[in-house]
Structures are given as structure tokens and as C-alpha cells.
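# Remarks on the overall topology
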There are 2 protein chains.
Amino acid sequence: MSNRNDGLMIVISGPSGSGKGTIIGEYLKTAPPTFLSISATTRTPREGEVNGKNYHFLSKEAFQEEIENGNMLEWANYCENYYGTPKKPVYENLQNDRDVILELDVVGAMNVKKNHPQGVYIFILPPSMEILKNRLSGRGTETADVVEKRLLAAKKEISFTPQYDYLIVNEDLPKAVDNLRAIIWAEKSKMSRAEEMINEVYIND
Amino acid sequence: MSNRNDGLMIVISGPSGSGKGTIIGEYLKTAPPTFLSISATTRTPREGEVNGKNYHFLSKEAFQEEIENGNMLEWANYCENYYGTPKKPVYENLQNDRDVILELDVVGAMNVKKNHPQGVYIFILPPSMEILKNRLSGRGTETADVVEKRLLAAKKEISFTPQYDYLIVNEDLPKAVDNLRAIIWAEKSKMSRAEEMINEVYIND
């Protein structure tokens, strides 16, 4: 399915508190046409969540059918609910020259990477563990126990960083967004994507 | 000699008329500390050329001694004159965390790449062969013969593009400079450069 002129598949991970969602949101405001993948889930919608916007809300039976038909790019089962990425919109957008951004946890990202090693895998980190701890403690409203659990989860996520291509340290939001933009532009400047064009424009002239 | 926190070795090539010198000059105006390598040559200085600024002007004997002592990163002999890149300032700057830019023809670049595959190899092209032709014709002051020779040389250079990591199409100068900046920033964001830092800051915390 992959062509050198296709859009980029950009997979972004980072622990809770890394600011990855905000960075992606800011990037999309001025980005070239980019598709932000929407996950499917079987969990109950929370108040205010819109089907097809926050998630594609599916029944368990429908989700299992999608898995069986090979329609999920990746999926997992947490706390008895399914979560996953529908394959079709991702592939269609890539083939139409649109970049696709997937915001995934490390397990989902690694499941995608198995079949799509040519994707661009980016990990986002806060500038220090102390800052992460502060962000996870939710301005002191969380119990020490909850903060400790979140920290452990963050450390587990961080142990996957060597599997990623790029690291963005989110010290300053506009700079982190620029960094994401630079990585995507550099990836689009890779010679491997230009060989056909060079032959057409410069060699067979 | 290479450490993950060293500066980047950035090798830039492109045919005459690609604007590579101008792009590098503009980049350096706002770049972080970067060392622009100065070539050594045995040819006679032209009027206005300053030793140690435009070139390091050496006698043939001195140049040959430098080659024999392994002090040249790359060298070649054109029209009975030696041209080459002194190794020492390049290595010293890299070890001191400074990026090093080498503006080299394809032969020089490929000679450097043999021993330094971890460098960043960037090729710069004008947006079309027609524009290249116009630039090479020197606003019509050159004979058709000279233009034809330059075009052939350009086509030969372009045949080396698959050996480079990135392509910058110089359609618009500020955009080309931004593209160079994006490539260098992305290279510095590569996970392989951050593993040590991650262990120190986030894992062994």
C-alpha cells in the first residue's frame, strides 16, 4: 500500500502529562492537510463525548467483527473494553497524499510499527521527572497513591523510547510544535521520497 | 571519535547554480555555533582571496605532506592542483559540540561518507533544469559551449543524489534556509542521540 509520494504515517506517544495532545492540536492549526486518526472503543461515552469526533463508539460485537475482518490497524483490550484504530481511513488518507497522525500509547504504537516500520515514530517527554510528577499530581488534588501509579505507568512508557525515531522534549509549547513541524518537514525532504521526481525532472530531461 | 552528543557533520552538495553557498551563508547568520569548513588548495589565490578565509593556500609539498600524514579528511587533484579538507578543525569542532558544515562536490562528499556514514548528507537542487540552465548561462554572457559543459557537469552531480540523505529544492531562498534548519533540528531530535540523556533524567531518577 505504500508509495513514496504517499502521506506520512506519524505515530506520536508520550506519558500522560507530556502534553502530546496539545502539541498535536497546535500543529494541526497550521499544518498541511493532515488526518488525525480517531480511535474506536467499546467503552461507554462520557458526558459531552461525540461519536465520530472523540471516538467511534462501537458495540463489543461490532468491534470483534472489525477485528475478525482485519479492519483494525491495532487494537487492545483494557479493563474489559476494546480500543483500536480503524484501518480504512488511515490507508485512504495516506494514499491521497495526506499525512496521518496517530496518537497511541506505547503498546498500540509498537503494534502499528510491526507492519509499518516506514512510519515516523515520535515520543514526547516533559523536561524532567519532577515536572512530570507535578503535572500528574493534578495540582495536588490527587492522592499520593494515584500519583505513584501514574508515575510508574509513565516510567514504563518511557522504557519504550528506544523504539521511537525522534524525541521531542516539551519544555515550551510553541517550540515543541515547531520541533514537530521540523521533524515532519525533514522526513518529507528525505532523498528516498524524491528519487522518482529527480529522474523525471532532472535526469530524463 | 564520535559521541552521541557531538556536533553534527553536515555535508552539503549541489550543482553550480543550485544556490548552496547562499543557503549556507543565510543559515549561518542565525544558526547555533557552527563551524564552516575551509578547504585547502595548492592553486594560486585569486585577487581578493584571503588565506585562511576563502581557502588555506598551501604549497604542493606542504599539501602532499598533509596527505601522507593522514591530515586530510578528503582530497582530490583537479587540473594539477590539490583541493582538500583539513581533518583537525573538523574533528575538534565536532568534539566540542559544534556542528560542522562541509560544502563539497559529489566526489569529496562521497570520500567523506566512506569513513563518516553517520554524517548528514544534503543535496541542493534548483527547481527545474530550465532554471538551472538559465543560472548556468550567467545571464546570457556565456557561450553555448560553456553552458553545455556546465549542464553536463550538473547532470553528473545529480546522478549522485541517491547517495544523499536529504534533498532541498531551492525554489525560494528563505524557504530553502528554513528547510535546512528543519533537517538539522530533526537530526538533533533523533532518539539515537537522546538515549543517554533519557537514562539519566527519566529512568535512573
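Our subject is the structure listed above.
Heads up: these notes are all about the structure in this document. Given the structure is predicted, the values throughout are model-derived calculations rather than measurements. (Residues numbered from 1 in each chain as written. Chains lettered and ligands numbered in written order. Predicted model: local features only at pLDDT ≥ 70, side-chain atom pairs only at ≥ 80, totals over all residues.)

This brings us to the nonpolar core. Across soluble globular proteins, you tend to see nonpolar side chains buried next to one another. Within the largest apolar cluster, 93 residues are counted, with the highest numbers of intra-cluster contacts made by A:Ile10, A:Val11, A:Ile122, A:Ile183, B:Ile10, B:Val11 and B:Ile122. Once residues lying within four places of it in the same chain are set aside, the contact partners of B:Ile10 are B:Asp99, B:Val100, B:Ile101, B:Gly119, B:Val120, B:Ile122 and B:Ile184. (Core = buried A, V, L, I, M, F, W, Y, C linked by C-beta atoms within 7 Å. Buried ≥ 20, exposed ≤ 12 C-beta atoms within 10 Å, placed from the backbone. Contact = placed C-beta atoms within 7 Å.)

The subject of this paragraph is the sheet that holds strand β5 (residues 72-78) of chain B. Residue and element names in this part refer to chain B. Reading across from one edge, β4-β3-β6-β5 is the order of the four strands in this open sheet, with mixed pairing throughout. Of all the strands in the sheet, just β4 (56-57) and β5 have a single pairing partner and so form its edges. Strands in contact with helix α2 (residues 60-68) are β3 (40-41), β5 and β6 (81-86); relative to β5, the strand with the most contacts, it is inclined by about 135°. Helix α3 (residues 87-95) contacts β5 and β6 of the sheet and is inclined by roughly 20° relative to β6. (Pairing = 2+ DSSP bridges. Helix = DSSP H or I, 4+ residues; strand = E, 2+ residues; numbered from the N terminus. Axes fitted to C-alpha atoms, helices over the stretch in contact; angles between N-to-C directions.)

As for its position among the elements, B:Val146 is in helix α6 (residues 144-158). In this structure, the C-alpha to C-alpha distance between B:Val146 and B:Leu136, residues ten residues apart in sequence, is 8.8 Å.

Attention now goes to the packing of helix α5 (residues 129-136) of chain A against helix α6 (residues 144-158) of chain A. Residues and elements named next belong to chain A. Two numbers describe how α5 lies on α6: the axes approach to 9 Å, and their chain directions differ by 135°. Judged by the inter-axis angle, α5 sits oblique to α6. Once α5 is placed against α6, the crossing between them reads as right-handed. Seen from α5, the contacting residues are Leu132, Lys133 and Leu136; seen from α6, they are Val147, Arg150, Leu151 and Ala154. (Parallel < 35°, antiparallel > 145°, perpendicular 65-115°, else oblique. Left-handed = near helix turned anticlockwise from the far one by under 90°.)

Residues and elements named next belong to chain B. Along α3, the residues classified as buried are Val90, Asn93 and Leu94. One side of α3 holds all its buried residues, which, seen down the axis, span an arc of 100°. Exposed positions of α3 whose direction lies more than 90 degrees from the buried face are Lys88 and Glu92. Where α3 is buried, its residues touch β1 (9-13), β2 (34-36), β5, β6 and β7 (99-103). (Arc of directions from axis to C-beta.)

Working note: a packed helix pair is described by the angle between its axes plus the distance between those axes. Close contact between helix α7 (residues 173-188) of chain A and helix α7 (residues 173-188) of chain B brings their axes to 8 Å; oriented N to C, the two are set at 100°. If you check the angle between α7(A) and α7(B), you find them roughly perpendicular. In this structure, α7(A) uses A:Asn179, A:Ala182, A:Ile183, A:Trp185 and A:Ala186 to contact α7(B), whose residues at the interface are B:Asn179, B:Ala182, B:Ile183, B:Trp185 and B:Ala186. For the contact of α7(A) with α7(B), the per-class residue count stands at eight nonpolar, two polar and no charged. (Nonpolar A, V, L, I, M, F, W, Y, C, P; charged D, E, K, R; others polar.)

Attention now goes to the relation of the copies chain B and chain A. Rotating chain B by 180° and moving it 0.0 Å along the rotation axis overlays it on chain A with an RMSD of 0.0 Å. Such a combination of rotation and displacement between the chain copies is what one expects of a two-fold axis. Identified as the residue of chain B closest to the rotation axis by C-alpha distance is B:Ala182, at 2.2 Å. (Least-squares fit on C-alpha atoms with pLDDT ≥ 70 in both.)

We now examine the sheet that holds β2(B). All names here are of chain B. Taken together, the five strands give an open sheet; going across it, the order is β2-β7-β1-β8-β9, and neighbouring strands pair in parallel fashion. For this open sheet the edge positions go to β2 and β9 (166-169), each flanked by a neighbour on one side alone. Strand-to-strand twist across the sheet, computed as the mean angle between neighbouring axes with direction ignored, equals 25°. Inspection of the sheet shows β2 paired to β7 by three bridges, in the parallel sense. Paired with Thr34 across the two strands is Asp99, which belongs to β7.

Quick look at the environment of B:Asp105 now. Within the secondary structure, B:Asp105 is located in the loop between β7 and α4 (106-115). It is 23 Å that separates the C-alpha atoms of B:Asp105 and B:Gly48, two residues lying 57 residues apart in sequence.

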